[in-house]
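Residues per chain are reported as follows:
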Amino acid sequence: MLVSIFNDVVGPVMRGPSSSHCAAALRIGRISRDLMEGKIDHVLVQFDTGGSLPATHKSQGSDMGLFGGLLGWEADDDRLPDSGEWLKKAGIDLQFEYGEYGDTHPNTYRLTLKNANRQHQVIAISTGGGMFEIVEIDGASVSIGGDFDETLVWGSKQLASVDPQTLCDELGADHVAVDAGNDSTLVHIQAQRPVPRERINALVPPESITQVNHAEAVLPVRSRKELQVPFQTCEAMLKYAERHCSDDNLGSLTLCDLALHYESARSGLGEAELIEKMCGIVRILRDSVDQGLAGTSYEDRVLGFQSGGYQKALEAGRLLDSGILNRMVLYTSALMEVKSSMGVIVAAPTAGACAAFPAACLALGESQDLSDGEIARGMLAGGMVGVFIATHWSFAAEVGGCQAEGGSASAMSAAALVTFMGGDAAMACGAASMSMQNMLGLICDPVANRVEVPCLGKNVLAVSNALSAANMSLAGFDAVIPLDETIAAAKAVAERMPREHRCTALGGLAITPTSLAIQKRLEGCGNCGC
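Read on for a plain summary of the structure. (Residues numbered from 1 in each chain as written. Predicted model: local features only at pLDDT ≥ 70, side-chain atom pairs only at ≥ 80, totals over all residues. Heavy atoms only, no water.)

## Considerations on the packing of helix H17 (residues 425-437) against helix H19 (residues 483-495)
To characterise two packed helices, one gives the angle between the axes of the helices and the distance between these axes.
Alright, step 1. Running from N to C, H17 and H19 point in directions that differ by 20°, and their axes come no closer than 9 Å. Here H19 runs roughly parallel to H17, going by the angle between their axes. Considering the relative orientation of H17 and H19, their crossing is left-handed. Note on element contacts: H19 touches H17 through Leu 483, Thr 486, Ile 487 and Ala 490, opposite Cys 429, Ala 432, Ser 433, Met 436 and Gln 437.
Alright, step 2. Its residues assigned to classes, the contact of H17 with H19 comprises six nonpolar, three polar and no charged. (Axes fitted to C-alpha atoms, helices over the stretch in contact; angles between N-to-C directions. Helix = DSSP H or I, 4+ residues; strand = E, 2+ residues; numbered from the N terminus. Parallel < 35°, antiparallel > 145°, perpendicular 65-115°, else oblique. Left-handed = near helix turned anticlockwise from the far one by under 90°. Contact = heavy atoms within 4.5 Å. Nonpolar A, V, L, I, M, F, W, Y, C, P; charged D, E, K, R; others polar.)

This is the structure we're talking about:
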């Protein structure tokens, strides 16, 4: 699937401590519910002991998200913190098992769903920032990412003779694949709407069909047939900009201009529609900051309401003079507190790193009296950097440690800040590269297995680093290593990073005596929906 700014980078709008856990699990649950036609009696959830989920699924929100998805909810539903109780009320029996299943991805979900009439086994992975892929259903290989309406036609070996391209053309679908197993065959149809059984019967022998399942798309931006984007690397983007400016006699293109070129091709939306879509995100973020500064509370969390104290100290002149950075730190703290109190946030690029990028954009917008549209343009610019990271690596801390989350957020922030100040695309990408270079090797070691400490500090580090990198780039400093190479280097570092330092709560600060004592105390909080 081609990356979209609104699917992969700035979003989803959600509740919960971690997008890799909460939002991705919810989307996996939603599609699994559709496969069962909304009727679920029992679910067996299995996690590989070599992955991250046995240690984190309760405290980082996988359970909360998965339960909400099985109930058919959205990622920002205000009932999510109590989804466990709602699941019981719905009469869904749920069981967890841990074992050695040979899963290679650290965020692998194995679900077995049953009701009186059917059973399905689903294997899915959470890939970071709320994105996911269902890779297997009932032993058949699939690739479902939530960007199409899915129609799954199960039947006898006779279905194996179906020509995928012919069926695709006759149905007007976007993609058709045939997986012939030993006992059954799956015809997997991806389209802009579910394909009715009647149309399938007219093209495929009805006697060869045993079951048809449908699942709706869950992403805000859909994919479509023969989708193409103008570039997928920073180097290709800068060359595209050079050609475009030469052909059209333009001086230069900003990173926002190029982001609009990319996302317009990816989504099919016009530039005005994309800016308005991002303006909606800006308004949500501003409301979240206001909520955080007004005060938040939640029983199962490490840190209390601290942003209010920072605001009072700032207004009283009791803080060191850091210019706009103090405002960025204030907004970062407020957003992290909203996240930890199960309020609505935007995973930008993830929930664990939800604060640095929005705080940088909102604080600078406020200081320069920018309109929502102007702030949205800066966020689109930062989102373009996120596209390069998501395309060639990952935002998931389980894959790359906090360099994947905080490092990405910092790079996006730096690019946005340069764009706000009138810098061109090359300057913005240089700032992004410098910012990410400074955060290579950063581990993920959540204290008490909650996404708060040192996550708050790392979000503050990300925005502080971004501000410095942006100023350096604006002053003409050389990033030396191009952004594409920096992303590749971060990926290589991640491949050598111990599992204990990749969001498993098995290393670093997570295993200090104080962390373990806090975890023990919180696990007695009595909030089973946490």
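## Considering unusual backbone geometry
Alright, step 1. Omega for the peptide link from Gly 11 to Pro 12 comes to 10°, which places this bond in the cis form.
Alright, step 2. Along the chain, Pro 12 falls in the loop between helix H1 (5-9) and strand E1 (13-14).
Alright, step 3. One non-glycine residue, Glu 37, adopts positive backbone phi at about 55°.
Alright, step 4. Note on placement: Glu 37 falls in the loop between helix H2 (19-35) and strand E2 (42-48).
Alright, step 5. Residue Glu 37 is classed as exposed on the basis of its relative accessible area, which comes to 51%.
Alright, step 6. At Glu 226, a position not held by glycine, the phi torsion is positive, near 55°.
Alright, step 7. By secondary structure assignment, the location of Glu 226 is in the loop between strand E11 (209-215) and helix H8 (234-248). (Buried < 20%, exposed > 50% of the residue type's maximum accessible area, 1.4 Å probe, protein only.)

## Structural notes on the layout of surface pockets
Alright, step 1. Estimated volume of the largest pocket: approximately 680 Å³.
Alright, step 2. Along the wall of the largest pocket there are 31 residues; nearest its centre are Met 1, Leu 2, Phe 132, Glu 133 and Ser 143.
Alright, step 3. Of all elements in the fold, only strand E5 (119-128), strand E6 (131-137), strand E7 (140-144), strand E9 (175-180) and strand E10 (185-191) reach the threshold of two or more residues within the lining of the largest pocket.
Alright, step 4. Broken down by class, the residue content of the lining of the largest pocket amounts to 15 nonpolar, 10 polar and six charged. (1 Å grid on protein atoms, 1.4 Å probe; cavity = no way out; pocket = protein on both sides within 12 Å on 5 of 7 lines; lining within 4 Å. Points joined across faces, edges and corners; volume = space filled by probe spheres on them.)

## Topic: the side chain of Ser 18
Alright, step 1. Here Ser 18 is to be found in the loop between E1 and H2.
Alright, step 2. A polar atom in the side chain of Ser 18 sits 3.4 Å from the backbone nitrogen of Ser 20.
Alright, step 3. Contact partners of Ser 18, with chain neighbours within four places excluded, come to Ala 23, Gln 60, Ala 351 and Val 451. (Polar contact = N/O pair within 3.5 Å; in protein donor to acceptor, adjacent residues only side chain to side chain.)

## Some words on the nonpolar core
Alright, step 1. Of all hydrophobic cores here, the largest spans 149 residues; its most connected members are Val 10, Leu 255 and Met 379.
Alright, step 2. Looking at which element gives the most residues to this core, the answer is helix H16 (residues 402-420), with 11 residues.
Alright, step 3. With residues up to four places along the chain from it excluded, the contact list for Met 379 reads Val 10, Met 278, Ile 281, Val 282, Leu 285, Phe 357 and Cys 361.
Alright, step 4. Among the nonpolar cores identified, the runner-up in size contains 16 residues, and Val 195, Ile 200, Ile 209 and Val 212 belong to it. (Core = buried A, V, L, I, M, F, W, Y, C linked by side-chain atoms within 4.5 Å.)

## Things to note about the sheet that holds E10
Alright, step 1. Strand order across the open sheet formed by four strands is E9-E10-E8-E11, with antiparallel pairing between neighbours. Looking at the sheet topology across the chains shown, the edges are occupied by E9 and E11. Between one strand and the next, the sheet's axes are offset by a mean angle of 15°, whatever the strand orientation.
Alright, step 2. With seven bridges connecting them, strand E8 (residues 149-155) and E10 associate as antiparallel partners. Each bridged residue has a counterpart across the sheet, and for Thr 151 the counterpart in E10 is Ile 189.
Alright, step 3. Each of E8 and E11 is contacted by H2, which is oriented at about 145° to E11, the strand it contacts most.
Alright, step 4. In this fold helix H6 (residues 164-171) packs onto E9 and E10, with an angle of close to 140° to the strand it touches most, E9. (Pairing = 2+ DSSP bridges.)

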